[in-house]
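# Working through the structure, step by step
The chain contents come next:
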Amino acid sequence: MDAAGQESFREFVAGRSSALLKTAVLLSGGDRHAAEDLLQNALIKAAGRWQRIDEPEAYVRQILYRQQISRWRLKWRRREVTVAELPESGAADGAAGVELRLVMRGALARLTARQRTMLVLRYFEDLPEADVARILGCSVGTVRSTTHRSLARLRELAPELAGLGPAPAEQQPSRDFSPVEVRP
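Residues numbered from 1 in each chain as written. Predicted model: local features only at pLDDT ≥ 70, side-chain atom pairs only at ≥ 80, totals over all residues. Heavy atoms only, no water.

The name recorded for the protein in an unreviewed UniProt entry is SigE family RNA polymerase sigma factor, from Streptomyces neyagawaensis. For the protein, the Sequence similarities (unreviewed entry) comment in UniProt is given as "Belongs to the sigma-70 factor family. ECF subfamily." (UniProt positions renumbered as here; feature names shortened; annotations may be inferred.)

Set out below in C-alpha cells:
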C-alpha cells in the first residue's frame, strides 16, 4: 500500500471505527473484547485490499457480518455467559435508561449468535430483509422466520421490554369517527 493509501486507511479508521465497533459489540452479544477482535480482524482484511475497495464502510461491515457468521457456524460453542454489571453510581434521571440498556444487553447476550445477528442487521443496521438475506447467504423466508423467532425469544427473555413497542390493537385508543353529515 502506498503512502496515500495508508493515509486514507488511517482516516477511515479514525473516522468510522467507533460506529463499526458499536455494530461489532451488538453482533458479539455485548462482549466488548470479542467485538474489538471482530473489528480488528475486519480492518486487517480490509487493509490488504484497501486500494481496490470502492465503498470502504460497506466492505468492512460485510466482513464483520461474515466473520460473525463463521463464528456461529463453528462446531464448538463457547459456554460462557455474559453478565451485565450495574454501574456503581448513576444519575437518578438516567437510571431508567441505564436499566433498560442492561436488560436489553442481557437479553441480547442470551440469544444465539444467529438470532442476535439477524436482529442487529434488521433493526440496528435497518437493512431490508432482502439485503440481510444477501449478506448472510440465505433466503428472505429464512430471514423472516429467524427474525420472528428471535423477537419472540427476546420478548420471552425480557418481558419488561414489552411496554416499549407500539400498543397492541385492543389497547390503542379508538379511532372511530362518526360520519359528519354535510349539507349543501
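### Describing the packing of helix H5 (residues 113-124) against helix H6 (residues 129-136)
Contact geometry for H5 and H6: axes closest at 9 Å, N-to-C directions at 135°. Relative to H6, the element H5 lies oblique. The chirality of how H5 crosses H6 is right-handed. Packed against H5, whose contacting residues are Thr117, Met118, Leu121 and Arg122, the element H6 presents Glu129, Val132, Ile135 and Leu136 at the interface. (Axes fitted to C-alpha atoms, helices over the stretch in contact; angles between N-to-C directions. Helix = DSSP H or I, 4+ residues; strand = E, 2+ residues; numbered from the N terminus. Parallel < 35°, antiparallel > 145°, perpendicular 65-115°, else oblique. Left-handed = near helix turned anticlockwise from the far one by under 90°. Contact = heavy atoms within 4.5 Å.)

### Examining the environment of Arg153
Checked against the element boundaries, Arg153 lands in helix H7 (residues 140-157). Along the primary structure Arg153 and Leu108 are separated by 45 residues, whereas in three dimensions their C-alpha atoms are 9.6 Å apart. Among all residues touching Arg153, those that are not within four sequence positions of it are Leu111 and Gln115.

### Notes on the nonpolar core
With 29 residues, the main nonpolar core has Leu39, Val60, Leu64, Leu121, Val132 and Leu136 as its most contacted residues. Going through the elements one at a time, helix H1 (3-27), helix H2 (32-48), helix H3 (56-72), H5 and H6 are the ones with two or more residues in this core. Sequence-distant contacts of Leu121, defined by excluding residues within four places in its chain, comprise Tyr65, Asp126, Leu127, Val132, Ile135 and Leu136. With nine residues, the next largest nonpolar core counts Ala107, Leu108, Leu119 and Ala158 among its residues. (Core = buried A, V, L, I, M, F, W, Y, C linked by side-chain atoms within 4.5 Å. Buried < 20%, exposed > 50% of the residue type's maximum accessible area, 1.4 Å probe, protein only.)

### Considering the pattern of salt bridges
What the rule picks out here adds up to seven salt bridges. Across the salt bridge formed by Arg10 and Glu7, the nearest N and O atoms sit 4.0 Å from each other. With Arg10 and Glu7 both in helix H1, this residue pair falls three residues apart, about one helical turn. Across the pair Glu57 and Arg16 runs a salt bridge, and its minimum N-O distance is 2.8 Å. In this pair, Glu57 sits in helix H3 while Arg16 sits in helix H1, placing the two residues 41 residues apart along the sequence. Sharing partners across several salt bridges, the network here consists of Arg16, Glu57, Arg61 and Glu125. (Salt bridge = Lys/Arg side-chain N within 4 Å of Asp/Glu carboxyl O.)

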